[in-house]
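What follows is the residue order along each chain.
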Amino acid sequence: MFIYQIIIEYDGTNFVGWQKQKNGISVQSVIEKSLTKFLKTKIKLYGSGRTDSGVHAEGQSAHFNIAFKINNFFLFLNSINFFLNKKRISILKINKKKIDFHSRFSAKKREYRYVIVNRTAPLSLDFNKAWHIKSYLDLKLMKTTTRLLLCKNDY
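Counting starts from 1 at the beginning of each chain's written sequence and moves along it residue by residue. The predicted nature of this model means local features are confined to residues of pLDDT at least 70 and side-chain atom pairs, given and counted, to a pLDDT of 80 or more, with totals for whole chains, interfaces and linings taken over all residues. Only hydrogens and water are set aside; all other atoms, that is, all heavy atoms of the structure, feed into the side-chain values.

So, on to the packing of helix α1 (residues 27-39) against helix α2 (residues 73-84). Helix-helix packing: each pair is described by the crossing angle between the helix axes and the interaxial distance. Axes here refer to lines fitted to C-alpha atoms; in helices the fit is confined to the stretch in contact. Angles between the N-to-C directions go from 0 to 180 degrees. Under the DSSP-based scheme used, a helix requires at least four consecutive residues in state H or I and a strand at least two consecutive residues in state E, with every element numbered from the N terminus. Relative orientation of the contacting elements α1 and α2 amounts to 125°, with a least axis distance of 10 Å. As far as their axial angle goes, α2 and α1 are oblique. Crossing handedness for the pair α1 and α2: right-handed. Contacts between α1 and α2 pair Val30, Ile31, Ser34, Leu35, Lys37, Phe38 and Leu39 from the former with Leu75, Phe76, Ser79, Ile80, Phe83 and Leu84 from the latter. Gly is put with the polar residues, along with every residue not named as nonpolar or charged; the nonpolar set is Ala, Val, Leu, Ile, Met, Phe, Trp, Tyr, Cys and Pro, and the charged set is Asp, Glu, Lys and Arg. Classifying every residue of the contact of α1 with α2 by side-chain character gives 10 nonpolar, 2 polar and 1 charged. Geometric relationships in this document are graded by angle, where less than 35 degrees denotes roughly parallel, more than 145 denotes roughly antiparallel, 65 to 115 denotes roughly perpendicular, and other angles denote oblique. Each helix crossing is assigned a hand: it is left-handed if the near helix lies turned anticlockwise from the far helix by less than a right angle, otherwise right-handed if that turn is clockwise. Residues count as neighbours in contact if any of their non-hydrogen atoms are within 4.5 Å of one another.

Okay, structure coming up:
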């Protein structure tokens, strides 16, 4: 048995989130389908975490188990990204891992970024990637209160 970690980025705009659901298309289901097609064996993907509907990811980790060794990572990445490209999903990297690796339980950190654009003009470059607020925001007050939100948690 071989375990492979993949590092993924995606535009979550058209997905119900990471995890497979009955109410729509998920990132996990699209990648599993592409891996199964390319590797010619049923693949179950385990993510490091879940994202909500419409949320994007820049470096999400996931892993899958397979009975045979993948020898050519360059060929793997080019082939799998060919299938995923139209869905705005990319596999950035693949790593062979030890048998005790699990993308969720082996994760050392998770990082989240929330973007607010405060201006009158509509969003062009940040469309679906930021929260657009047209009305005035008091940055001094926001900086004071955000200190209450900053934290590091070790679960």
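Continuing now.
Another point: the environment of Ala67. Within the fold, Ala67 resides in the loop between β3 (57-66) and α2. Through-space distance from the C-alpha of Ala67 to that of Ile3 is 8.9 Å; in sequence the pair is 64 residues apart. Look past the residues within four positions of Ala67 in its chain and what remains in contact with it is Met1 and Phe2.

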